[in-house]
Amino acid sequence: MAIVYDTLKNRTFADIEASYGVKDTMLYALGLGLGQDPMDPKQLRHVYEEDLVTLPTMGVVLATPGFWVKEPDTGVDWPKVLHGEQGLTIHRPLPPKGRVVSRFHIDEIIDKGAGKGALMYTTRELRDAATNEALCSITSTSFLRGDGGFGGPSGPIRQPHPVPKGTPDASFDWAVGRHAALLYRLNGDYNPVHADPKAAAQGGFAQPILHGLCSYGVAGWAVTNLLCDGDATRLRRFDLRFTSPVYPGETLRTEVWKQGPGVAAFRVSVPARNVIVLNNGRAEYLP
């Protein structure tokens, strides 16, 4: 079954309401590796209930619609879908616990042509269930590798944020624990490729890989340290492109280039393999 553009573009999604508590907030931070230095007060404020602060990137795991492209009526060749880009705009800091409503819609589906795949742009709005106040807007780009040539529009294609070629203004190294994927998956993504060596091998990986959104959260923590002195409440926007998988146990190096008041470009690499894993990053923050 192939994609029918109008049907998929106009697909409707029911609102999703979900609750989370302080244990969920701390578990999310622990899954990124925070707490590995129990004497660091910047880490402790995200993993200890006293004056607990929620990391802003936690919004990407709350009240998600799941892997809905697997439904037969979408027409999507779902085994060939890749998570290409992730964006987050923070309207106000997430409280340590609460009840949220998620509203999801498809913005556009770009047909790159037969044999070239397609791009699907989506947006999810996260709101406080009690007040309807906007908490954050979450954007995503999916690369539908097996679905080009269905007659959809050929553009416009969103352009990634350019990263300067010169020396970065600062860098931050963060060691990802070998058990990181096993811990992070408790946030709700139970894809076996992140836990089962056999499933990883079937996907062409030497070992289970880290969740892309875990590396995204690590990058958010790194940028918070580099630009916001560890104060996560100052982060206002966080966008990037996924370029290569990360393996648990690796060290991620985040590099930033300041581009004006409250704006910076960034990228993330694994120095041991000399590979860029997250690229075209754009961060906006309160200076």
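Because the structure is predicted, anything quoted here is derived from the model rather than measured.

(A) Summary view of unusual backbone geometry. Residue P156 follows G155 across a cis peptide bond; omega there is 5 degrees. Despite not being glycine, A63 has its phi angle at roughly 50 degrees, a positive value. Relative accessible area serves as the criterion here: at 10%, A63 is assigned to the buried category. One non-glycine residue, N274, lies in positive phi territory at about 55 degrees.

(B) Structural detail: the sheet that holds strand β8 (residues 251–258). One open sheet accounts for ten strands, arranged β1-β3-β4-β5-β2-β7-β10-β9-β8-β6; its pairing is antiparallel. A strand with exactly one partner marks an edge of an open sheet, and here the two such strands are β1 (16–20) and β6 (170–175). Each neighbouring strand pair of the sheet contributes to a mean axis angle of 20 degrees, computed without reference to strand direction.

(C) Examining helix α6 (residues 212–227) more closely. In a regular helix each residue adds 1.5 Å, so 16 residues correspond to 22 Å; α6 covers 22 Å between its end C-alpha atoms and thus fits that length. Most of α6 is tucked away: 15 of the 16 residues are buried. Once α6 finishes, D229 follows within two positions and takes phi at roughly 55 degrees, a positive value.

(D) Fine view of the pairing of strand β2 (residues 81–90). The element β2 is extensively covered by neighbouring structure, given that seven of its ten residues are classed as buried. The pairing of β2 with strand β5 (residues 134–144) spans nine bridges and is antiparallel. Looking across to β5, one finds that V81 is bridged to L144. Pairing of β2 with strand β7 (residues 235–242), which is carried by five bridges, proceeds in the antiparallel orientation. Directly across from Q86, in β7, lies its bridge partner L240.

(E) Fine view of the nonpolar core. Within the largest apolar cluster, 55 residues are counted, with the highest numbers of intra-cluster contacts made by L227 and F238. At ten residues, the largest contribution of residues to this core is made by α6. Residue contacts for L227: discarding those within four places in its chain leaves R234, V256, K258, A264, A283 and Y285. Ranked by size, the runner-up nonpolar core spans 15 residues in total, among them I3, V69, V81 and F104.

(F) Expanded view of the environment of R234. Mapping R234 onto the fold places it in the loop between α6 and β7. Along the backbone, R234 and R92 are 142 residues apart, and their C-alpha atoms lie at a distance of 9.8 Å. Those residues in contact with R234, other than ones at most four positions away along the chain, are L227, C228, D229, E284, Y285, L286 and P287. Of note is the side chain of R234, whose polar atom sits 2.9 Å from the backbone oxygen of C228.

(G) Focus on the pattern of salt bridges. Per the counting criterion, the structure on display carries 16 salt bridges. As a salt-bridge pair, E17 and R99 come within 2.7 Å of each other at their nearest N and O atoms. With a gap of 82 residues between them, E17 in strand β1 and R99 in strand β3 (residues 98–111) connect regions that are remote in the sequence. The partly exposed category is assigned to E17, whose relative accessible area is 46%. The partly exposed category is assigned to R99, whose relative accessible area is 39%. Salt bridges sharing common partners tie together R237, D239, R282 and E284.

Thresholds applied
- Residues numbered from 1 in each chain as written.
- Predicted model: local features only at pLDDT ≥ 70, side-chain atom pairs only at ≥ 80, totals over all residues.
- Heavy atoms only, no water.
- Buried < 20%, exposed > 50% of the residue type's maximum accessible area, 1.4 Å probe, protein only.
- Pairing = 2+ DSSP bridges.
- Helix = DSSP H or I, 4+ residues; strand = E, 2+ residues; numbered from the N terminus.
- Axes fitted to C-alpha atoms, helices over the stretch in contact; angles between N-to-C directions.
- Expected span 1.5 Å × (residues − 1).
- Core = buried A, V, L, I, M, F, W, Y, C linked by side-chain atoms within 4.5 Å.
- Contact = heavy atoms within 4.5 Å.
- Polar contact = N/O pair within 3.5 Å; in protein donor to acceptor, adjacent residues only side chain to side chain.
- Salt bridge = Lys/Arg side-chain N within 4 Å of Asp/Glu carboxyl O.

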